[in-house]
Amino acid sequence: MIAALEVEWLKLRRSPLVWIVTAVISIGIPALCVAFMASARYGDPTTPTAIKIKAMVPSTDFAGLIAITGQVLSVGSLVAVGIVVAWSFGREFTDRTVASLFSLSVGRGTIAAAKLVVLLAWGAVITVVAVFVATIGGLLLRLGAPRAAELGIKAVTVGLLAVLLALPLGFVASSARGYLPAIGALILLVVATQVITTIGGGAWFPYASPSLRSGMGGAARSSVGFIQLALVPMLAAGSVAATLNWWRRAQIV
């Protein structure tokens, strides 16, 4: 298992795609949120940016900054990490390296597990870094008392739930034997989330509940509780089991 983890980590850190996504999540998103908050707090309150931010968060203070960071992470992490998950599993087919996996002494299920562990660890780290960067930005903007521990935990939790929601794309990329079908499934999920949320079923739809809980849906936040959020790790666990089972039973065709 250790050897498989080392190999998958090497693949991950040598990928330009991963570095781009890392920069977008850990630096780009918090920097954008800090810029929006600076405009809303110190700029003209009648501007479209200020009006939109005030509609998303209850205040233009430190709590508001961390809240909006969590909201953006709930969507941005799903899309960005989802693309990397799709690439990690799908590349074995598009790069025609999957056949060589059958000749290794390490089992294919172990290789798939190593991919998932590395992806989860990487996703967790960039999520924590994103909230930390936003916290630093809030301090620089002098937004008031940070209460960083309480606020940060909530934002990180939302971001981690988004990372978990990206894991099912590994099964799609594996069973469809390529990353493009998984990216297509990701787009379909984003569209379906918007539709289901619009008709009022977002609280029970795992791909919508973290965003709603973070405040993106306004008053809909109160409709999302522990039970609804618990569906996210359950979905992730089911997809992990399905992915590992697929790789253990996979055949070269």
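To be clear, the structure that these remarks concern was listed above.
The model shown is predicted, which means the values in this text are computed figures rather than measured ones.

Calculation rules
- Every chain is numbered independently, its residues counted from 1 as its sequence is written.
- Confidence filtering applies because this is a predicted model: local features only for residues at pLDDT of at least 70, side-chain atom pairs given and counted only at 80 or more, and all residues used for totals across whole chains, interfaces and linings.
- Only hydrogens and water are set aside when side-chain values are computed; all heavy atoms of the structure are taken into account.
- Here a helix means four or more residues in a row that DSSP labels H or I, a strand means two or more in a row labelled E, and each is numbered from the N terminus.
- Computation of the radius of gyration draws on C-alpha atoms alone. For the globule rule, the value is 2.2 Å times the number of residues to the power 0.38.
- Burial status follows relative accessibility: with a 1.4 Å probe on protein chains alone, a residue under 20% of its type maximum counts as buried, one over 50% as exposed, and anything between as partly exposed.
- The contact criterion used is simple: two residues touch if any of their non-hydrogen atoms lie within 4.5 Å.
- Charge assignment in this entry is limited to Lys and Arg as positive and Asp and Glu as negative, and neither His nor the chain termini are counted.
- We put the charge of a Lys on NZ, of an Arg on CZ, of an Asp on CG and of a Glu on CD.
- To estimate the expected span of a helix, subtract one from its residue number and multiply by 1.5 Å.
- Helix axes are fitted only over the stretch in contact, all axes being lines through C-alpha atoms; the angle between N-to-C directions runs from 0 to 180 degrees.
- Angles are sorted into four bins: roughly parallel if under 35 degrees, roughly antiparallel if over 145, roughly perpendicular if 65 to 115, and oblique for all others.
- Take the far helix as the reference: if the near one is turned anticlockwise from it by less than a right angle, the crossing is left-handed, and if turned clockwise, right-handed.
- Note that Gly is not counted as nonpolar here; it falls among the polar residues with everything else outside the nonpolar set of Ala, Val, Leu, Ile, Met, Phe, Trp, Tyr, Cys and Pro and the charged set of Asp, Glu, Lys and Arg.

Of the regular secondary structure elements, the protein chain holds 11 helices and 0 strands. Helices and strands in the protein chain line up, N terminus first, as α-α-α-α-α-α-α-α-α-α-α. For 253 residues, the compact-globule formula gives about 18 Å, and the C-alpha radius of gyration of the protein chain, at 19 Å, lands near that figure. Expressed as a percentage of its 253 residues, the buried residues of the protein chain come to 44%. A separation threshold of at least 6 residues defines the contact pool for the protein chain, and within that pool the share at least 24 residues apart is 76%. Considering the protein chain, the positive charge centre built from 18 side chains and the negative charge centre built from 7 side chains are found 4 Å apart.

As for its position among the elements, Val-98 is in helix α5 (residues 98–101). Residue Val-98 is classed as buried on the basis of its relative accessible area of 17%. Between the C-alpha atom of Val-98 and that of Ala-241, which follows or precedes it by 143 residues, the distance is 20 Å. Apart from residues lying up to four places away in sequence, Val-98 is in contact with Glu-92, Phe-93 and Trp-247.

Helix length check: helix α11 (residues 226–249), at 24 residues, gives a terminal C-alpha distance of 35 Å against a target of 34 Å (1.5 Å per residue), a fit within 8%. Those residues of α11 that sit buried are Gln-228, Val-232, Ala-236, Ser-239, Thr-243, Leu-244, Trp-246 and Trp-247.

Taken N-terminus to C-terminus, the directions of helix α2 (residues 16–42) and helix α6 (residues 108–140) make an angle of 25°; their axes are 8 Å apart at the nearest point. Comparing their axes, α6 and α2 come out roughly parallel. Where α2 crosses over α6, the handedness of that crossing is right-handed. Only Trp-122, Ile-126, Val-129, Ala-130, Val-133, Ala-134 and Gly-137 of α6 make contact with α2, whose side of the interface consists of Val-18, Val-21, Thr-22, Ile-25, Ser-26, Pro-30 and Val-34. Of the residues that constitute the contact of α2 with α6, the class distribution is 11 nonpolar, 3 polar and no charged.

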